[in-house]
Amino acid sequence: MDLHVKGKNLPVTDALFDHAERKLAKLTRILPPWDEPPHVELELSVERNPSIERRQVAEITVRTKGPVLRVRESAKDMYTAIDLAAHKLERQAARYRDRRRSHRLAHPQAEPPRPAAEPDEEAPRVVKRKRFEMKPMSVDDAAVQLELLGHDFFVFRDDATGEVSVIYRRRDGELGLIAPDR
């Protein structure tokens, strides 16, 4: 495992690095053996806002041959934040491994998978579908709809471009817009 730890608003001590290395070591056993050794980036930061109770933040990014796995956890102390993030990342990596394994079983020309050390959670499945008419509207109108519905995101057809876009609420309370690249 190629681990890079960087600190934002705090120094990365040897103790923090060793703790992170110990907690993330299980990734090499969980990730599929046909992947290259994972490149793991751990960013540790401290929120400067004193009103935030859980100010210690650990963000982990793992670059695999397939998707990029990313988690963000916060806690009252940095060691707990690292523990929570590592646990969440282990679950994500297990889901990724199981998806790759089931894909390889469905396509026998792929190399055979190695047996799992322990059974993990099932892959997520679609349990509900919705269909709705998307009338063209402006970004401002979509923001109003988002507020009225009380949802975290709203899908709409942008009247300026005619493309399907998504407006969403960010962690900082502001709004973000996802629009397709032309």
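Structure's up top.
This is a predicted model, so every value here is computed, not measured. (Residues numbered from 1 in each chain as written. Predicted model: local features only at pLDDT ≥ 70, side-chain atom pairs only at ≥ 80, totals over all residues. Heavy atoms only, no water.)

Quick notes on the packing of aromatic side chains
Each aromatic ring pair is specified by the distance between its two centres and by the angle formed by the two planes. Scanning the model with the defined rule gives one aromatic pair in all. When the centroid spacing of 6.4 Å and the interplanar angle of 10 degrees are considered together, the rings of Phe154 and Phe156 count as stacked. Residue Phe156 is classed as buried on the basis of its relative accessible area of 1%. (Phe/Tyr/Trp six-rings, centres within 6.5 Å; stacked < 30°, edge-to-face > 60°. Buried < 20%, exposed > 50% of the residue type's maximum accessible area, 1.4 Å probe, protein only.)

Observations regarding the pairing of strand β6 (residues 153-158)
Sheet topology places strand β5 (residues 136-137) next to β6; two bridges connect them, and they run parallel. Within β6, the position partnered with Pro136 by the bridge is Arg157. Read as a crossover between parallel neighbours, the route from β5 over helix α4 (residues 139-149) to β6 is right-handed. (Pairing = 2+ DSSP bridges. Helix = DSSP H or I, 4+ residues; strand = E, 2+ residues; numbered from the N terminus. Right-handed = clockwise from strand over helix to strand, strands pointing away.)

Section: the sheet that holds strand β7 (residues 164-169)
Across the sheet, which stays open at both edges, the four strands sit in the order β5-β6-β7-β8 with mixed pairing between neighbours. Each of the sheet's edge strands pairs with one partner strand only, and the pair in question is β5 and β8 (175-178). Across the sheet, α4 touches β5, β6, β7 and β8, and the angle it forms with β6 is around 155 degrees. (Contact = heavy atoms within 4.5 Å. Axes fitted to C-alpha atoms, helices over the stretch in contact; angles between N-to-C directions.)

Regarding the side chain of Gln92
Its location among the elements puts Gln92 in helix α3 (residues 78-106). At a separation of 3.3 Å, a polar atom in the side chain of Gln92 contacts the main-chain carbonyl oxygen of Arg70. (Polar contact = N/O pair within 3.5 Å; in protein donor to acceptor, adjacent residues only side chain to side chain.)

Focus: α4
When we look at burial in α4, the residues that qualify are Ala142, Ala143 and Leu146. Taken around the axis of α4, the buried residues stretch over an arc of 105 degrees, which confines them to a single face. Turned more than 90 degrees away from the buried face of α4 sit Asp140 and Leu148, all of them exposed. Contact partners of the buried residues in α4: β5, β6, β7 and β8. Directly beyond the C-terminal end of α4, a positive phi value near 75 degrees is found at Gly150. (Arc of directions from axis to C-beta.)

With respect to the sheet that holds strand β1 (residues 2-8)
The strand order β1-β2-β3-β4 describes an open sheet built from four strands, whose pairing is mixed. The open sheet has two edge strands, β1 and β4 (68-75), and neither has a second partner. The sheet shows a mean angle of 15 degrees between the axes of neighbouring strands, taken without regard to direction. Across eight bridges, strand β3 (residues 56-63) lies against β4 in antiparallel orientation.

Shape is all these values report; function is a separate question.
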